[in-house]
Structure formats: C-alpha cells, structure tokens
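Next come the chains, spelled out residue by residue.
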Amino acid sequence: MTQQRDIHITEVALRDGSHAIAHQYTVEQVTRIAKALDQANVPYIEVSHGDGLGGSSLQYGLSRTNELELIEAAVSVCKQAKVAVLLLPGIGTMKELKQAARIGAKMARIATHVTEADVSAQHIALAKELGLETVGFLMMAHMAPVEKLVEQAKLMESYGADTVYVVDSAGALLPQEVRERIRALRQSVSANIGFHGHNNLSLAMANTLAAIEEGATRIDGSVRCLGAGAGNTQTEVLVAVLDRMGIETGIDLYKMMDLAEEMVAPILQAPQEITRDSLVLGYAGVYSSFLLHARRAAKKFGIDSRDILVELGKRKVVGGQEDMIVDVAAEIAKKKLKSVAH
Ligand SMILES: CC[C@H](O)CC(=O)C(=O)O
Ligand SMILES: [Mn+2]
C-alpha cells in the first residue's frame, strides 16, 4: 500500500511509551499493537527500550522482555510499516544496532544531547552501512541556542543522517521557539527535518503544528500520548487535525482511533495526563524520562518529587546523569532534616 504523504509519522508508543509502563511490554502486546498500526498504514513504528537499544539496566529500568524479541515480533507482523529503533551511543552499542538490522529493523534513530552530535558519527555511519534509513535525534533541544542546534544538525547531516530531528525531550519549548529552530534548520540543512514533542506544558500538538508549518515533514506521535512525562503528541488526534488541514499522512483515522481505544488504553494503569510532576518537567526543563526515577527517589527519601525536579532543572542535568536524581534527593532530604532540627 503506497500513498503520497505530506507528513511521515513515526509512532513511538512502543518505545517512548515504554517509559510510561516502566518497560513492561510483552511480546503479545507488541505484536497486537504493531499489527494494528501497520494495518492503519502508519509508515514507521519505533520499538526499543524507552532509553533505546541496550537501555534495560538497573540505571534505566529493566525491561520485562528482551527488546530484540519485541523488535522481531513487530517486524514479523508489519507488511508495509518499517520498524525503527532508537540508539543512544553509550547506552546502546554497535553490536545491538547490527542485531536490530539483522532481525529486520529498517530505520535507526541515533540520539545525542543537543550539543553532543559528534558522538553520533560512528553510529550514523554504521547505520548507513547497514542500509538503514538514518535519523539524527538532537535531544533536549531547548538547552541550546538556535545557532548551536544548527551547527549540531549540520554535523549529523555530514555523518550521513537522512533526517535530523528537533527533540523537545523536556516538553519545555514554546511554539515560537519551535518555529525558530525548524526555520533555521530548513535554511541550513538539506536533510529532512523532524520534530518530536512532549506534552508537559500541554504544547505538544501546538508545537508539532508549528514545526509542520515551518517545514518539518517527519513527525513523531504516540497513540494515547503514551510516552515519558506527560507523553507525546497524540497520534490519532494529530492524524485527525492534519486531515482537517488538508495535510496527507496516509493513515486510516478510524483504525487509529480503534486501536487506541481497544488495545492501548487497556494497557495503561492510569491515563497519560499532565500531573503536577509532569508539568514541573516542562516548567523546569527536565528530561521527561526522569519522571518515574524522581517519583521513586521522592518516595524513598520522603520528599516532594517537584523539589527534586526543580533542582535537576537548575543543575541542567541531562540524559545519562540519572544517578544524580538520587544524589539530589538525598541532599534535599538532608537539608530538610537539618531545618527541622533547628
Ligand atoms: C532516553 C531517550 C529519550 O527518551 C529519547 C526521547 O524520546 C526524548 O529525548 O524525548
Ligand atoms: Mn521522547
């Protein structure tokens, strides 16, 4: 089934959504959901641990099921969709990327902090060598000025990335800031431009539309918003909105609505919504995937998770520094004890 598409959507519920369910996907769930997404004509379906290939660990959260089994399951039921994998150099390795390609992944998204594109060079080169469609994924895009983002995107393009993404990992960007970033990239790189939003400030949809209006053609969505923090731009809603705008995604809206309601909603222990914690992520500019870790640390030390998140924001902590969450929580608890003693 080929169709002319104005916007190419990558569905991330089976990867970013894994954060929201503490990486507990089963083969059965992934098979059912991937099959339904494929039948709804979604072009790309990302499957990996929430922190990318190799993420299953005590630091990032143990997966219930080996991600290679999940990827294999998705590949086995996709007739037209391409299965994508995410890889953060340092968490995932070349070996895992090769394994993913061997079992049928067709797209690799290589993610780095927005100022560290240089660490993606070898992984992007390997992905191209393996014949994968390759994306450079610049995370925490709110933390760098526009010129820096452009410089880093150019690096990824020079390594061979077909597409470069602006990733609003903290859900902290405002629509005007998204516009500036996408516009600047459009003027400076020839690669496709993509946008990945988080809904911590309830701006994922507005930011996604701003990105599209400025020329982004690769867009991430997640069924029922399933993703870290308050989740991502809701795919089935995005498909409906773009349809109203006369923008073609090639995706069957009713099929998306049905799978969201019947397959994804029942997996969730609680609806994906903007809670006080996820709101603080966007407000303080903290990595969305820190949310569950901060909640656990808050419980352990008997403190408010918002205090941890605000402090992490002040210290500009980035992905890979998850161990800081417990350190910060311990410091806050100590200060609290001292102030009670005085
Ligand atoms: C830890 C990887 C991260 O979840 C990637 C991503 O989706 C983001 O930065 O938003
Ligand atoms: Mn994300």
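Throughout this description, residue numbers start from 1 for each chain and increase along the sequence as written. Starting at A for chains and at 1 for ligands, labels are handed out in the order in which the entities are written. Totals for whole chains, interfaces and linings use every residue, but because this is a predicted model, local features are given only for residues with pLDDT of at least 70 and side-chain atom pairs only at 80 or more, for both listing and counting. Side-chain descriptors were evaluated using all non-hydrogen atoms of the structure, hydrogens and water having been removed beforehand.

Per an unreviewed UniProt entry, the recorded name for the protein is 4-hydroxy-2-oxovalerate aldolase, and the organism is Polycladomyces zharkentensis. UniProt positions are given in the numbering used here, feature names are shortened, and annotations may be inferred rather than shown by experiment. Comment text from UniProt for the protein, heading Sequence similarities (unreviewed entry), reads "Belongs to the 4-hydroxy-2-oxovalerate aldolase family."

Draft legend 1. Focus on the pairing of strand β5 (residues 133-139). Only protein chains enter the accessibility calculation, which uses a 1.4 Å probe; a residue is then buried when its area is under 20% of its type maximum, exposed when over 50%, and partly exposed in between. Strands here mean DSSP runs of E at least two residues long; helices mean DSSP runs of H or I at least four residues long; both are numbered from the N terminus. With respect to burial, β5 is a largely interior element, 7 of its 7 residues being buried. Where burial is concerned, the two faces of β5 agree: the one with E133, V135, F137 and M139 and the one with T134, G136 and L138 are both buried. At least two bridges found by DSSP between two strands is the condition for calling them paired. Bridging between strand β4 (residues 107-113) and β5 involves 7 bridges; their strand directions are parallel. Residue A111 lies in a different strand from β5, and its bridge partner there is F137. Crossover β4 to β5 through helix α5 (residues 121-129) is right-handed. Where β5 lies against strand β6 (residues 163-167), 4 bridges are found, and the strand directions are parallel. Across the sheet, the residue bridging to G136 is V164, located in β6. Here, the term right-handed applies to a crossover whose path from the first strand over the helix to the second runs clockwise when the strands point away from the viewer.

Draft legend 2. The UniProt feature "binding site: substrate" (unreviewed entry) in the protein, seen in detail. Residues annotated by UniProt as "binding site: substrate" (unreviewed entry) correspond here to R15, D16, S169, H196 and Y287. As for the lining of the largest cavity, the annotated residues named previously contribute R15, D16, S169, H196 and Y287. The topology assignment puts S169 in the loop between β6 and α7 (175-188). Look at S169 and you get buried, because its relative accessible area is 6%. A pocket here means an open set of points on a 1 Å grid, computed over the protein atoms alone, that has protein on both sides within 12 Å along at least five of seven lines. A cavity is instead a set of points where a 1.4 Å probe fits but cannot get out; residues with an atom within 4 Å of a point line either one.

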